[in-house]
Amino acid sequence: MKCPKCRNTDLKPTKIEDGLPVMGCPDCEGASLSLLYYRDWAERNAPVEQSEAVDADVTVENDAKTALSCPKCSKLMTKYSVSSEHKNRIDLCGFCDEAWLDGSEWTLLKSLELAHKLPSVFTDQWQRKVRDEKMESKKVERLKKLVGETDTTRAVEIRDWLKNHNRKAAIVQFIASE
């Protein structure tokens, strides 16, 4: 098997955790992970201890911008966002259940306490949550540019308080009447 990122480098058998075999690239340090082996490993092992926090920009440059071809079956892999705070995306082949982890994405997964929850990242529910969080972050950043940090913080507090208030409509109507 060839590395889907480097394209000409042969993948070599290695492990990203004790008992979790992968086919790793010696050049880009990416790894092809069989979800069959992953599920077996996850069932047999306790959750991995949380690693130190990972900076959001640490692995961004490692993430391939274009779709990768699966090293196992050569079909295009789909990219899945890990979290709203990180730009990393894990590539998954829907045909042979093979995931591609760029250089330090396993470390990122461990730091986010997702090492034992990897399949959940590939669900529509997870991806929707990440998109919603990214959209919320953009809204807050846009408001900060318009009104400043202090007023944005206050507006977010008010909105969060108002969100579940049983008399929300009356309060919003009162505020809008100004």
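Residues numbered from 1 in each chain as written. Predicted model: local features only at pLDDT ≥ 70, side-chain atom pairs only at ≥ 80, totals over all residues. Heavy atoms only, no water.

A. Focus on the overall build of the chain. Within the chain, the secondary structure is distributed over six helices and six strands. Tracing the chain from N to C terminus, the helices and strands come up as β-β-β-α-β-β-β-α-α-α-α-α. Since a compact globule built from 178 residues should have a radius of gyration of about 16 Å, the 21 Å found for the chain marks it as more spread out than a globular shape. When its C-alpha atoms are laid out on the principal axes, the chain stretches across 70 × 35 × 30 Å. Sorting the 178 residues of the chain into buried and exposed places 35% on the buried side. Of all intrachain contacts in the chain linking residues separated by at least 6 positions in sequence, the fraction that spans at least 24 positions is 50%. When the accessible surface of the chain is totalled, it reaches about 11300 Å², and 51% of it is carbon and sulfur. Each charge class in the chain was averaged separately, 29 positive and 30 negative side chains, and the resulting centres sit 6 Å apart. (Helix = DSSP H or I, 4+ residues; strand = E, 2+ residues; numbered from the N terminus. Rg over C-alpha atoms; globule rule 2.2 N^0.38 Å. Buried < 20%, exposed > 50% of the residue type's maximum accessible area, 1.4 Å probe, protein only. Contact = heavy atoms within 4.5 Å. Areas by Shrake-Rupley, 256 points an atom, 1.4 Å probe, with all protein chains shown as cover. Lys, Arg positive; Asp, Glu negative; His and termini not counted. Charge placed at Lys NZ, Arg CZ, Asp CG, Glu CD.)

B. Local environment of the pairing of strand S5 (residues 89–93). Across the five residues of S5, four count as buried, placing the element largely inside the fold. Sheet analysis places strand S4 (residues 78–81) next to S5, joined by four bridges and oriented antiparallel. Bridge pairing in S5 links Ser81 to Arg89. Pairing of S5 with strand S6 (residues 98–101) involves three bridges; the strand directions are antiparallel. Counterpart to Leu92 in the pairing with S6 is Ala99. In this antiparallel pair of consecutive strands, S5 and S6, the connection spans four residues, and Asp97 shows a positive phi of 60 degrees. (Pairing = 2+ DSSP bridges.)

C. Spotlight on the packing of helix H5 (residues 149–163) against helix H6 (residues 168–176). With their axes 9 Å apart at the nearest point, H5 and H6 run at an angle of 145 degrees to one another. Residue-level contacts link Trp161, Leu162 and Lys163 of H5 to Lys168, Ile171 and Val172 of H6. Split into classes, the residues belonging to the contact of H5 with H6 amount to four nonpolar, no polar and two charged. (Axes fitted to C-alpha atoms, helices over the stretch in contact; angles between N-to-C directions. Nonpolar A, V, L, I, M, F, W, Y, C, P; charged D, E, K, R; others polar.)

So far we have only geometry, and geometry alone does not tell us how the molecule works.
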